[in-house]
Amino acid sequence: MAHSMHNRAIFGVILFAMIIAILPWLFKLSSATAYYTDVMVFVAIHSIIAAGLSLLLGYAGQISLGQAAFYGVGAYVSGILTTKLGISPWNAMIAGMVLAALLAYLVGVPALRLKGHYLAMATLGFGMIAYIFFNEFLALTGGPSGFGGIPHLSIFGLPLNSTLSFYYFAWTLAIIVLVISLNIIDSRPGRALRAIHDSERAAAAMGIDLSRAKTQVFLVSGVFGALAGSLYAHFVSYINPPPFDVFFSVKVLMMVTIGGIGSIWGAYVGAALLNFLPEWLTFLEDFDVLAYGFILLIIVMFSPSGLVGLFVKITEKLKTSTGSE
Amino acid sequence: MNQIEISSILQYVSTGISVGAIYALVALGFNIIYNVTEIINFAQGEFGVWGGLLLVMLIKSLGFPLFICFFIAVFAVSLLGALIYWLSIAPLQKPSILTKIIATIAISIILKGLAMFIWGKDPYALKPFVEGPPVQFAGAFIQTQTFWILGITLTMVLVLTFFYNSTVTGKAMRACADDSEAAGLVGISTTRMVLVSFALSAALGAVGGAIITPMTLMEYDRGSMLAIKGFSAAILGGLGSFNGAVAAGFILGLLEAFATGFISSSYKDAITLILLLTIIFWRPQGLFNRKAR
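Residues numbered from 1 in each chain as written. Chains lettered and ligands numbered in written order. Predicted model: local features only at pLDDT ≥ 70, side-chain atom pairs only at ≥ 80, totals over all residues. Heavy atoms only, no water.

**A few points about empty space enclosed by the protein**
Where empty space is left can be seen by rolling a probe of water-molecule size over the atoms. Applying the stated criterion across every chain, the model contains one cavity of 30 Å³ or more. Approximately 40 Å³ is the volume attributed to the largest cavity. Lining the largest cavity are His117 of chain A together with Glu38, Ile39, Ile40, Ile97, Lys100 and Ile101 of chain B. Looking at the lining of the largest cavity, the element that brings in the most residues is helix 4 (residues 97-119) of chain B, giving three residues. Across the lining of the largest cavity, the residue classes tally to four nonpolar, one polar and two charged. (1 Å grid on protein atoms, 1.4 Å probe; cavity = no way out; pocket = protein on both sides within 12 Å on 5 of 7 lines; lining within 4 Å. Points joined across faces, edges and corners; volume = space filled by probe spheres on them. Helix = DSSP H or I, 4+ residues; strand = E, 2+ residues; numbered from the N terminus. Nonpolar A, V, L, I, M, F, W, Y, C, P; charged D, E, K, R; others polar.)

**Some thoughts on the interface of chain B and chain A**
Facing 42 residues of chain B, the contacting portion of chain A comprises 41 residues. Summing both sides of the interface, chain B and chain A together bury roughly 3700 Å²; the carbon and sulfur share of this comes to 84%. Of all residues in chain B, Leu98, Ile102 and Ile109 of chain B bury the most surface against chain A, accounting for 16% of the area lost on that side. Summed over the shared surface of chain B and chain A, the number is zero residue pairs in polar contact (both at pLDDT 80 or more). Breaking the side of chain B that touches chain A down by element, the ones donating at least two residues are helix 1 (2-37), helix 3 (66-89), helix 4, helix 9 (223-236) and helix 11 (268-282) of chain B. Element by element, the count of residues in the side of chain B that touches chain A is highest for helix 4 of chain B, at 15 residues. (Contact = heavy atoms within 4.5 Å. Buried area = accessible area lost by both parts, 1.4 Å probe. Polar contact = N/O pair within 3.5 Å; in protein donor to acceptor, adjacent residues only side chain to side chain.)

**As for the pattern of salt bridges**
All names here are of chain B. Under the counting rule described, the total for this entry stands at five salt bridges over all chains. In this structure, Asp269 engages Lys229 in a salt bridge whose closest nitrogen and oxygen atoms are separated by 2.7 Å. Separated by 40 residues along the polypeptide, Asp269 in helix 11 and Lys229 in helix 9 bring together distant segments of the chain. Taken individually, Asp269 and Lys229 each receive the classification buried, so the pair is uniform in this respect. In this structure, Asp269 and Lys268 form a salt bridge, with 3.3 Å as the shortest nitrogen-oxygen distance. (Salt bridge = Lys/Arg side-chain N within 4 Å of Asp/Glu carboxyl O. Buried < 20%, exposed > 50% of the residue type's maximum accessible area, 1.4 Å probe, protein only.)

**Here we look at helix 5 (residues 144-166) of chain B**
For helix 5 of chain B, built from 23 residues, the straight-helix expectation of 33 Å at 1.5 Å per residue is met to within 8% by its first-to-last C-alpha distance of 33 Å. Looking at helix 5 of chain B, one finds that the buried residues are Thr144, Gln145, Thr146, Ile149, Ile152, Thr153, Val157, Leu160, Phe163 and Tyr164 of chain B. (Expected span 1.5 Å × (residues − 1).)

**Details of the nonpolar core**
All names here are of chain A. Grouped together as the largest cluster of nonpolar side chains are 200 residues, with contacts concentrated most on Trp171 and Tyr268. The element contributing the most residues to this core is helix 2 (residues 36-60), with 17 residues. Excluding residues within four positions of it along the chain, Tyr268 makes contact with Phe16, Ser47, Ala51, Trp171, Ala174, Val177 and Leu178. (Core = buried A, V, L, I, M, F, W, Y, C linked by side-chain atoms within 4.5 Å.)

**Details of the packing of aromatic side chains**
Counting across every chain of the model gives 37 aromatic pairs over all chains. Ring centres 5.2 Å apart and planes at 85 degrees place the aromatic pair Trp50 of chain B and Trp119 of chain B in the edge-to-face group. One end of the pair, Trp50 of chain B, is in helix 2 (residues 44-62); the other, Trp119 of chain B, is in helix 4, with 69 residues separating them in the sequence. Residue classification places Trp50 of chain B among the buried positions, given a relative accessible area of 10%. On the accessibility criterion, Trp119 of chain B (7% relative accessible area) is buried. Above the face of the Phe147 of chain A ring, Lys84 of chain A is positioned so that its terminal group lies 4.7 Å from the ring centre. (Phe/Tyr/Trp six-rings, centres within 6.5 Å; stacked < 30°, edge-to-face > 60°. Lys NZ or Arg CZ within 6 Å of the ring centre and 35° of its normal.)

**Regarding the layout of surface pockets**
Taken as a whole, the largest pocket spans an internal volume of roughly 1600 Å³. Arg8, Leu182, Ser263, Trp265 and Val308 of chain A are, among the 42 residues lining the largest pocket, the residues nearest its centre. When residues of the lining of the largest pocket are traced back to their parent elements, those giving at least two are helix 1 (2-27), helix 2, helix 7 (163-186), helix 12 (264-280) and helix 14 (306-324) of chain A. The biggest single contributor to the lining of the largest pocket is helix 1 of chain A, with 14 residues. Grouping the constituent residues of the lining of the largest pocket by class yields 29 nonpolar, eight polar and five charged. Empty space within the second largest pocket amounts to approximately 1200 Å³. Lining the second largest pocket are 50 residues, and of these Met128 of chain A together with Asp221, Arg222, Ser224 and Met225 of chain B sit closest to its centre. Classifying every residue of the lining of the second largest pocket gives 25 nonpolar, eleven polar and 14 charged.

**Examining a nonpolar patch on the surface**
All names here are of chain B. A contiguous nonpolar patch, built from Leu62, Phe64, Phe67, Ile68, Phe71 and Ile72 and spanning about 570 Å² of accessible area, is present on the exposed surface. Ranked by residues supplied to the nonpolar patch, first place goes to helix 3 with four residues. Residue placement: Phe71 occurs in helix 3. (Patch = residues over 30% accessible without salt bridge, like charges linked within 9 Å, V, L, I, M, F, W, Y side chains within 5 Å. Areas by Shrake-Rupley, 256 points an atom, 1.4 Å probe, with all protein chains shown as cover.)

Okay, here's the thing in structure tokens:
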């Protein structure tokens, strides 16, 4: 049973990677969709940060409203180290992830010992502090106007300076993150985490070290966030504080919840939806926020397992109804 | 020199008290809902925004005296609070903590979006409740609104104490907070009590927003900062404790005012937030509680 599930997951990832590989060529067929490749780069970046939160929400039953801070840490560490100290983009990226893990540890360890809403508020506070820091620490961050000139990443001497090359690079990482996440879910700690979600007391009685398992997954979510931020910095090559504000943390939460808590795929579906919706609903302008709020509430009220859960339910119903005939 | 210092300290104290009052009211709002439901309502700050903006709109459009508009605004926001519970929290099927948190976050996004839709993005000003020159005291200028803020906040605390100690509904709510199953057994409708707690909590938030608007202006996106400051006060005072919330609200307001005066206004929010994290780290049961929750 477990073995066949595993094969299905591998098949799913391969199919997904193939679709991702041909998408830019399909987008090129029409001038109206040509810029979708650009949007898809952001979908990849946001999928990575959303996958981290999805692990935390779906498998540790914990909520973070501070993922934007890790995203910002990744972006700013990459930006500052490469432009001001001349450190190579790859090393800067790793430095950002290490710092994010450290911060996640500092915030997570105390908050994760307490009930669910403590991590939510602690991370919300942490996100706000980080945002104030990005705005006020002029010497390092350039303040509200930010700074530019962040170099492109390059692989084997080939700079990733076109949208298409960065698309393939970002999606390669996003798919690696997907595979890592699927493995975490299937691993021993992952099963422990699912036990936590089902019943904290039962898990503790089985001898599972709850706060350690939760802290580990929170660290992973912070590292994924920083990786996404670093990709953002190297793709856009200019950073200022707004993309890293608290509302972005809320948006990541929406991606995971709308896509579907309890399924890593949901994070990818949610990231795609939240990036394409504003393109399709341009008439809403700033009020797209209102639409997201209602979508989020409707999902929470009527389909807590999100769009992916809805899809699974529908296919299962179709299967049983055809099976009984 | 000495004279200047005393006057500026008085100035900080008066600013701190007025800002602290709204933190206290928001913190009380958190506690009222938390005690009955164990829900932390992430939309708590939005009630303050709605209270303030609704008051400005009513005064401009109706032209009624301020105190009538004040009551209408507070009443309308408390209905909004009840409506939110009835439409979105009550229908949740066996919600986990996670689901409840996300539902209140969704509500806060909707309330913020609606506020932007109705009132736009610009901040709104409001005249002080009674116009008059600032009171001069030991070289400090204290705005008359400060006295209104302090007076109304203390009145709210007294009314709340009376409500919980001496009315049937208040006692029933306390029973639900202690043990909702046992309260149900003696015939108290938990659902109704939760509805009342949402209405009451929204009303308190609205009062806070309305009284602070003459001093700090009000705009659609002030809610999340209000919420986290109020939550910090609630945690500092010990989640669930009313007296603790009020004391902690004022402590937080004073701390911010002094931080602004002596350090820098750009880091005043960061100082409160770092305090919040420190409290969660060291004393999650709050400053005044001896036992851990």
